[in-house]
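So the chains spell out like this:
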Amino acid sequence: MKSSTVVLHEFHTFDGIGIEDRDLQDLEEDMVEVKVHYCGINFADFYTIHKLASDQLPAVLGIECSGVITNVGSSSVPFKVGDRVICYDFKGGLHRSIVRIKHEKCYAVPENIDLKTAASIFVNYLTAWCALFSLGNIKDGESVFVSSCGGGVGLAIIELVKSKKDVTIYGTASSAKRNFLESKGVHFVEYSEVAALEENFDLIIESMNTETRKVLTTKLNPFGRVVIIGAKGMIPGSNAAETSADPNINPVDLIYGNTAIAGLHIGLLADNYPQLTRIALNSIFTQLTPENLEIKIYPFNDAKRAYKELANRTNIGKIILQI
Ligand SMILES: NC(=O)c1ccc[n+]([C@@H]2O[C@H](COP(=O)([O-])OP(=O)(O)OC[C@H]3O[C@@H](n4cnc5c(N)ncnc54)[C@H](OP(=O)(O)O)[C@@H]3O)[C@@H](O)[C@H]2O)c1
């Protein structure tokens with residue numbers, strides 16, 4: 001059996017992406033078969049395109065999708081035909097019209113959540129939830145700084161933080177997103193203005209891995225936390241106009257400053273701590289207001305253009321593919 005699949009044949013170029021019919025793997029006992037309706041595009045796909053995730057080619061792109069189960073490998077699988085699920089695997093392989101996948105990598109979608117929303121929330125909202133609440137311990141009245149605040153994770157943070165009272169949000173983004181972010185109540189900061197910021201923050205959610213990160217780690221209030229979630233500065237040819245640079249994290253500085261620096265990887269969380277992942281996801285489902293999501297939909301056959309939009313830095317919120 002074949003399925004229409006987004007395949008990367010060459011690194012560092014969108015021309016290396018093609019859509020082709022590819023054989024599905026056998027349906028093993030612990031697997032389900034899912035007819036995919038929507039595929040969520042993530043920054044992680046961009047790392048794959050730039051050989052930062054794996055050096056294997058050809059590679060099937062895509063770490064999340066949503067759809068309906070059409071077959072199960074055995075009766076021991078805790079899903080049945082017709083169930084609606086989110087599929088997530090940080091190692092990729094999910095941007096295709098039909099996927100066969102281990103049932104542990106599937107998450108039931110509640111009745112009140114449509115499949116478009118379902119394909120848009122797992123990666124972004126789980127990252128935002130863990131960064132804000134599990135590691136970030138955000139509290140009423142605190143301030144949070146979010147680098148690249150206009151993307152999928154950034155907008156999820158803006159939504160989820162509403163469960164706390166009077167949190168002030170600061171964030172960087174490309175200038176074209178300024179009006180939109182200000183309309184969401186964000187104190188907009190140009191990337192070039194970070195070093196000159198006078199404010200300190202209670203929580204910083206950082207995804208650049210550039211000089212900006214180094215500067216930000218000096219802008220914490222006592223008991224302030226940095227949660228490192230990404231490394232966008234590693235993308236070659238990035239127009240971030242900054243160089244990639246890990247901060248020199250010095251335990252003595254942390255002790256003297258009464259501050260903390262944490263790291264987050266939801267892929268390994270989902271693989272190694274499924275219970276924690278499901279608790280977080282259930283909480284997200286109850287907090288979610290689907291009509292507040294910013295989702296841009298591309299047809300599946302336009303995948304190349306959709307990935308390019310992320311690279312051009314023009315996206316606000318989530319980009320998904322519809323099959
Ligand atoms: N730790 C985890 O488990 C985890 C999970 C999910 C995502 N993440 C990370 O969270 C961050 C946000 O992810 P996302 O999926 O929501 O992506 P996203 O924010 O939608 O990413 C696209 C945006 O990133 C900004 N950007 C900054 N530097 C860039 C560069 N060199 N090239 C292209 N775009 C650049 C651009 O916005 P502006 O120019 O407006 O800033 C662009 O519009 C990423 O760093 C991702 O790796 C981490």
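The residue numbers shown here count from 1 along each chain, following its written sequence. The predicted origin of the model limits local features to residues at a pLDDT of at least 70 and limits the giving and counting of side-chain atom pairs to 80 or more, whereas totals for whole chains, interfaces and linings rest on all residues. To obtain the side-chain values, all non-hydrogen atoms of the structure were included, while hydrogens and water were left out.

## Re the site of the ligand
Surrounding the ligand, one finds 29 residues, the nearest of these being Ser174, Tyr191, Leu264, Arg313 and Asn315. A distance of 3.2 Å separates an oxygen atom of the ligand from a polar atom in the backbone of Phe43. Between Lys177 and the ligand, the recorded distance is 2.7 Å, taken from a side-chain N or O atom to an oxygen atom. Within the residue set of the shell around the ligand, elements represented by two or more residues are α1 (43–49), α2 (115–135), α3 (152–160) and α9 (303–311). Gly falls in the polar group here, along with every residue not listed as nonpolar (Ala, Val, Leu, Ile, Met, Phe, Trp, Tyr, Cys, Pro) or charged (Asp, Glu, Lys, Arg). Across the shell around the ligand, the residue classes tally to 14 nonpolar, twelve polar and three charged. Of the residues that make up the shell around the ligand, three or more belong to each of domain 1 (2–121 + 267–322) and domain 2 (124–265). A molecule or strand has a residue near it when one of that residue's heavy atoms lies within 4 Å. Polar contact is defined as a pair of N or O atoms within 3.5 Å, subject to the rule that within protein one atom must be able to donate a hydrogen and the other to accept it, and that residues adjacent in sequence are counted only when both atoms are side-chain atoms. Per the convention used, a helix needs a DSSP run of H or I reaching at least four residues, while a strand needs a run of E reaching at least two, with both numbered from the N terminus. These domain boundaries are the output of an automatic or database domain assignment.

## With respect to the domain arrangement of the protein
Along its sequence, the protein is organised into domain 1 (2–121 + 267–322) and domain 2 (124–265). Contacts between domain 1 and domain 2 engage 30 residues on the former and 30 residues on the latter. Two parts lose some accessible area (1.4 Å probe) when they are put together, and adding that loss for both gives the buried area. Its largest share of buried area at the contact with domain 2, domain 1 owes to Gln287, Arg313 and Ile316, together 26% of the area lost on that side. Only one rule defines a salt bridge in this text: a Lys or Arg side-chain nitrogen within 4 Å of an Asp or Glu carboxyl oxygen. Across the domain 1-domain 2 interface, the total number found is zero salt bridges. Here domain 1 and domain 2 share ten residue pairs in polar contact (both at pLDDT 80 or more) between them. Only α1, α2, α7 (266–272) and α8 (274–287) provide two or more residues apiece to the side of domain 1 that touches domain 2. No other element matches the six residues that α8 contributes to the side of domain 1 that touches domain 2. Taken together, the residues of the side of domain 1 that touches domain 2 sort by class into 14 nonpolar, 13 polar and three charged. Contacts: residue pairs with any heavy atoms within 4.5 Å of one another.

## Remarks on the sheet that holds strand β10 (residues 168–172)
DSSP bridges decide pairing: two strands pair if at least two such bridges lie between them. Across the sheet, which stays open at both edges, the six strands sit in the order β11-β10-β9-β12-β13-β14 with parallel pairing between neighbours. Bordering the open sheet on either side are β11 (187–189) and β14 (260–263), each of which pairs with just one other strand. Shown here is a sheet whose adjacent strand axes are inclined to one another by a mean of 15°, direction ignored. Summarising the sheet, strand β9 (residues 143–146) and strand β12 (residues 201–206) pair through three bridges and their orientation is parallel. Across the sheet, residue Val146 finds its bridge partner in β12, namely Ile205. Between the N-to-C directions of two axes lies an angle of 0 to 180 degrees, each axis being a line fitted to C-alpha atoms and, for a helix, fitted only over the stretch in contact. Together, β12, β13 (220–228) and β14 form the strand contacts of α2, whose direction differs from that of β12 by roughly 150°.

## Observations concerning the pattern of salt bridges
All chains considered together, the criterion is met by 17 salt bridges. The shortest N-O distance in the salt bridge between Arg22 and Glu20 comes to 3.6 Å. Categorising residues by exposure relies on relative accessible area from a 1.4 Å probe, with only protein chains included: less than 20% of the type maximum marks a residue as buried, more than 50% marks it as exposed, and the intermediate range marks it as partly exposed. By relative accessible area, which is 26% here, Arg22 ends up partly exposed. A residue is classified by how much of its surface remains accessible, and Glu20, at 26% relative accessible area, is partly exposed. Note that Lys318 is salt-bridged to Glu64, the shortest N-O span being 2.6 Å.

## Concerning α8
To estimate the expected span of a helix, count its residues, drop one, and scale the result by 1.5 Å. With 14 residues, α8 should cover 20 Å at 1.5 Å per step; its first-to-last C-alpha distance of 20 Å lies within 8% of that length. Of all the positions in α8, only Thr277, Ala280, Leu281, Ile284 and Phe285 are classed as buried. The buried residues of α8 occupy an angular sector of 140° when the element is viewed end-on, so they sit on one face. More than 90 degrees from the buried face of α8, the exposed residues found are Gln275 and Thr286. Looking at the buried positions of α8, the neighbouring elements they touch are β6 (84–88), β8 (106–108), α2 and α7. To be clear, the arc concerns the directions from the helix axis to the C-beta atoms.

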